[in-house]
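Descriptive analysis of the structure
One-letter residues, chain by chain:
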Amino acid sequence: MNPDKALNFLEEIVAEDVKSGKHGGRVLTRFPPEPNGYLHIGHAKSICLNFGLAKDFDGKTNLRFDDTNPVTEDTEYVNSIKEDIQWLGFNWAQELYTSDYFPKLYEFAVTLIKKGLAYVDDSSAEQIASMKGTPTEPGKNSPFRDRSIEENLDLFSRMKKGEFKDGEKVLRAKVDMASPNMHMRDPLMYRIKHVEHHRTGNEWCIYPMYDFAHGQSDSIEEITHSVCTLEFEVHRPLYDWFIEKLQIFPSHQYEFARLNLNYTVMSKRKLLQLVNDKHVTGWDDPRMPTISALRRRGYTPLSIRNFCDRVGVARRENVIDVGLLEFCVREDLNKIAMRVMVVMDPVKLVITNYPDGQTEILKGENNPELEDKGGERDLPFGKELLIERDDFMENPGKKYFRLGPGLKVRLKHAYIIECESFEKDAAGNITEIRCKYIPESKSGNDTSGINVKGTIHWVSKTHAISCELRLYDRLFRVEDPSTAEGDFKDHLNPDSLHINANAMAEPSLKNAKAGDKYQFIRKGYFCLDKESTSNHLIFNRTVSLKDSWAKAGS
RNA sequence: UGACCUAUGGUGUAACUGGCAACACGUCUGAUUUUGGUUCAGAAGAGUCUAGGUUCGAGCCCUAGUAGGUCAACCA
């Protein structure tokens, strides 16, 4: 941990607990995902927090799948979650499942029944809801609230044996139907679901509710600091109540504000909808805010960890600008990505004074940020080149540093050229630019003495390889699709994916492997997509380069 | 109409626990640059939701407002 950095409120709490010797100075946190969806950037914050807390205070973190609702959970999700956490760079102490504790939780429930603190209720879901009252009115006691302990014991065991149908009975804690906290109004502990569970199969037909599973699991594992998001704050009195009545290990719950990002949605329900309704190609569609999508898009684990570090941890609602996430990837990729030249919108350029048919191999440094410049690669150069269409202007303004009639520019890693003429088609599109090159201006041993303002990238027309570029924009047009008027899907950005099939890349890219990250000089960071094949290269744009020229608007 | 939580530049987080508000992103200058990238130097931008109170002194404490959030799934 950086000693100069101010501690967030959770780090302060843990630091104090360690100092005071609470739990013998031991720190054990847990990350408790429900395996009913893929992890997203908001989970990354929680992962960094939980694992970070443990790391900083010499503790450990358990991975515990909160799998108490078999209808929505699946092993596909279990596997993706494990992969994402490891990819982010964290290792859990133990891989655990709440379902492993089903027998123990059943015992806990029996204990509470015996203490007269839990009862079986025959009321329907509707009846229970109506007797619950509202936040401003107290609830009413269930007519089944005062069943004898013996009867409760008998009924509960028969629930377990499968003698009743779904919804016929539930087990409730006997707390206080008049409590101002809705969660204390005799919360449900168990419900009947004759559903196969992804791990326990058909062994159980009663499943514990979150409130009677999460805290108890924390306690069983002797979690010292149980960190969750703000919406669980109202559950804390109940969390404490169960622990107190059961007299089990006193885990404590702490809440922090979840991460929100603008121009996207972060609820698993909504993300699942985008997947199911085919608005995206899957959970790892690079436009999604999921970890797997960010990975596919070219984000690095370090950039995400840095991002989570920078957003901070507090208890107030927040909306982080995606710009910060983008800053974090650029920061990392600038240091590690190899530079290559790819022309996104090619136009032909002929060097009039270069010998026909000649090919010259030039050298290009791979990354100026690295000590050894990342080594060099070969760049074939010839009479016919391709350059970016917008690197030429027929009538350039004074501040345009690129090519135009009579103007000179440097071809990156090559020569200075001067534009002599150009050709247009009937529609007015530039079809060919003709330049002369200055042989003494060769990159590395330039003796020409000529200074030019601009440098542009290029590829050799005869050597370039074509590739597909997938250019992503924000998934939604509005900052907060969830609160915007209408359905959140009404605000999807129709241009969130633009496919460019005409790009031409330097030949060194032939050997790119899926996941390889590059900086396309002057354009952005890209990585080879998993759908890419050797004769059809596909690159995802992770993020564009900052462009103060484009921003100046001209 | 209830309970609980929160309130600091555009955004997010700080402020050594009461000593006239800092850092990051963003924005704007300028320098360097064979990427209009990077890097470097600098600037603008809040007087801390409001009103009272305690105090020599309040962003930090108290009171009352105001605003936002959470809570009435057999979801987690």
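Higher on the page you've got the structure.
The numbers attached to residues start from 1 for each chain and follow its sequence in the written order. Chain letters and ligand numbers both follow the written order, the letters beginning at A and the numbers at 1. Owing to the predicted nature of the model, reporting of local features is limited to residues with pLDDT of at least 70; listing and counting of side-chain atom pairs is limited to 80 or more, with chain, interface and lining totals taken over all residues. Calculated side-chain values reflect all of the structure's heavy atoms, with hydrogen atoms and water omitted.

Notes on the overall build of chain A
Helix numbering and strand numbering both begin at the N terminus, where a helix is a DSSP run of H or I of at least 4 residues and a strand a DSSP run of E of at least 2. Counting secondary structure elements, chain A contains 13 helices and 25 strands. The reference for a compact globule is 2.2 Å times residues^0.38; the radius of gyration itself is calculated from the C-alpha atoms. Its C-alpha atoms give chain A a radius of gyration of 31 Å, clearly above 24 Å, the size a compact globule of 554 residues would have. The dimensions of chain A, computed from C-alpha atoms along their principal axes, are 100 × 55 × 40 Å. Each residue is placed in one exposure class: buried if its accessible area under a 1.4 Å probe, protein chains only, is under 20% of its type's maximum, exposed if it is over 50%, and partly exposed if it falls in between. When burial is assessed residue by residue, chain A has 52% of its 554 residues classed as buried. Residues count as neighbours in contact if any of their non-hydrogen atoms are within 4.5 Å of one another. Sequence separation of 24 or more characterises 70% of the internal contacts of chain A that already satisfy a separation of 6 or more. If you sum the accessible surface of chain A, you get close to 25300 Å²; carbon and sulfur atoms cover 48% of it. Here chain A carries 77 positive and 85 negative side-chain charges, and the mean point of each set is 2 Å from the other. Where accessible areas are quoted, they stem from the Shrake-Rupley method and a 1.4 Å probe; at the residue level, only the protein chains shown are allowed to cover. In this tally, Lys and Arg are treated as positive and Asp and Glu as negative; His is ignored, and so are the chain termini. Note that the charge is assigned to NZ on lysines, CZ on arginines, CG on aspartates and CD on glutamates.

Thoughts on the pattern of salt bridges
Each reported salt bridge corresponds to a side-chain nitrogen of Lys or Arg within 4 Å of a carboxyl oxygen of Asp or Glu. For the structure on display, the rule yields 48 salt bridges. One salt bridge in this structure joins Asp-218 and Arg-30, with 4.0 Å as the shortest N-O distance. In this pair, Asp-218 sits in helix 7 (residues 214-221) while Arg-30 sits in strand 1 (residues 28-31), placing the two residues 188 residues apart along the sequence. Across the salt bridge formed by Lys-348 and Glu-432, the nearest N and O atoms sit 3.6 Å from each other.

Some points on the protein's contact with RNA strand B
In this text, near means that some heavy atom of the residue lies within 4 Å of the molecule or strand in question. Surveying the vicinity of RNA strand B reveals 65 residues, the closest of which are Arg-316, Arg-339, Ser-443, Gln-519 and Arg-522. Taking all atoms of RNA strand B within 4 Å of the protein, the share assigned to sugar and phosphate is 63%. In the analysis that follows, any N or O atom pair within 3.5 Å is treated as a polar contact, provided that within protein one partner can donate a hydrogen and the other can accept it, and provided that, for residues neighboring in sequence, both atoms belong to side chains. At a separation of 3.4 Å, a base oxygen of RNA strand B approaches a polar side-chain atom of Glu-12. A distance of 2.9 Å separates a sugar or linking oxygen of RNA strand B from a polar side-chain atom of Lys-412. Mapped onto the surface near RNA strand B, the elements with two or more residues apiece are strand 6 (188-192), helix 11 (301-311), helix 12 (322-336) and helix 13 (548-551). When its residues are assigned to classes, the surface near RNA strand B shows 25 nonpolar, 18 polar and 22 charged. All residues other than Ala, Val, Leu, Ile, Met, Phe, Trp, Tyr, Cys, Pro, Asp, Glu, Lys and Arg, Gly among them, are scored as polar; the first ten of these are nonpolar and the last four charged.

Re the packing of helix 2 (residues 41-56) against helix 11
For any two helices packed against each other, one specifies the crossing angle of their axes together with the interaxial distance. Orientation of helix 2 relative to helix 11, taken along the N-to-C sense of each, is 80°, at an axis distance of 9 Å. Put simply, helix 2 runs roughly perpendicular to helix 11. Across the interface between the two elements, Ile-41, Ala-44, Lys-45 and Cys-48 from helix 2 touch Ile-304, Arg-305, Phe-307, Cys-308 and Val-311 from helix 11. Residue composition of the contact of helix 2 with helix 11, by class: 7 nonpolar, no polar and 2 charged. Between the N-to-C directions of two axes lies an angle of 0 to 180 degrees, each axis being a line fitted to C-alpha atoms and, for a helix, fitted only over the stretch in contact. Throughout, the term roughly parallel applies to angles under 35 degrees, roughly antiparallel to angles over 145, roughly perpendicular to angles from 65 to 115, and oblique to all others.

What about the nonpolar core?
With 37 residues, the main nonpolar core has Phe-156, Leu-171, Met-189, Tyr-190, Ile-206 and Phe-212 as its most contacted residues. Contributions of two or more residues to this core are made by helix 4 (102-114), strand 4 (118-121), helix 6 (149-161), strand 5 (170-173), strand 6, strand 7 (206-208) and helix 8 (236-246). In this description, a nonpolar core means a group of buried Ala, Val, Leu, Ile, Met, Phe, Trp, Tyr and Cys residues linked to one another through side-chain atoms lying within 4.5 Å. The next biggest cluster of nonpolar side chains, apart from the first, holds 36 residues, and it includes Leu-39, Leu-261, Cys-308 and Val-543.

What to know about the pairing of strand 16 (residues 408-411)
At least two bridges found by DSSP between two strands is the condition for calling them paired. Pairing geometry for strand 16 and strand 17 (residues 416-424), over 3 bridges, is antiparallel. Bridged to Val-409 within strand 17 is Ile-417. The pairing of strand 16 with strand 19 (residues 455-456) spans 2 bridges and is classified as parallel. When the bridges of strand 19 are listed, Arg-410 appears paired with Thr-455.

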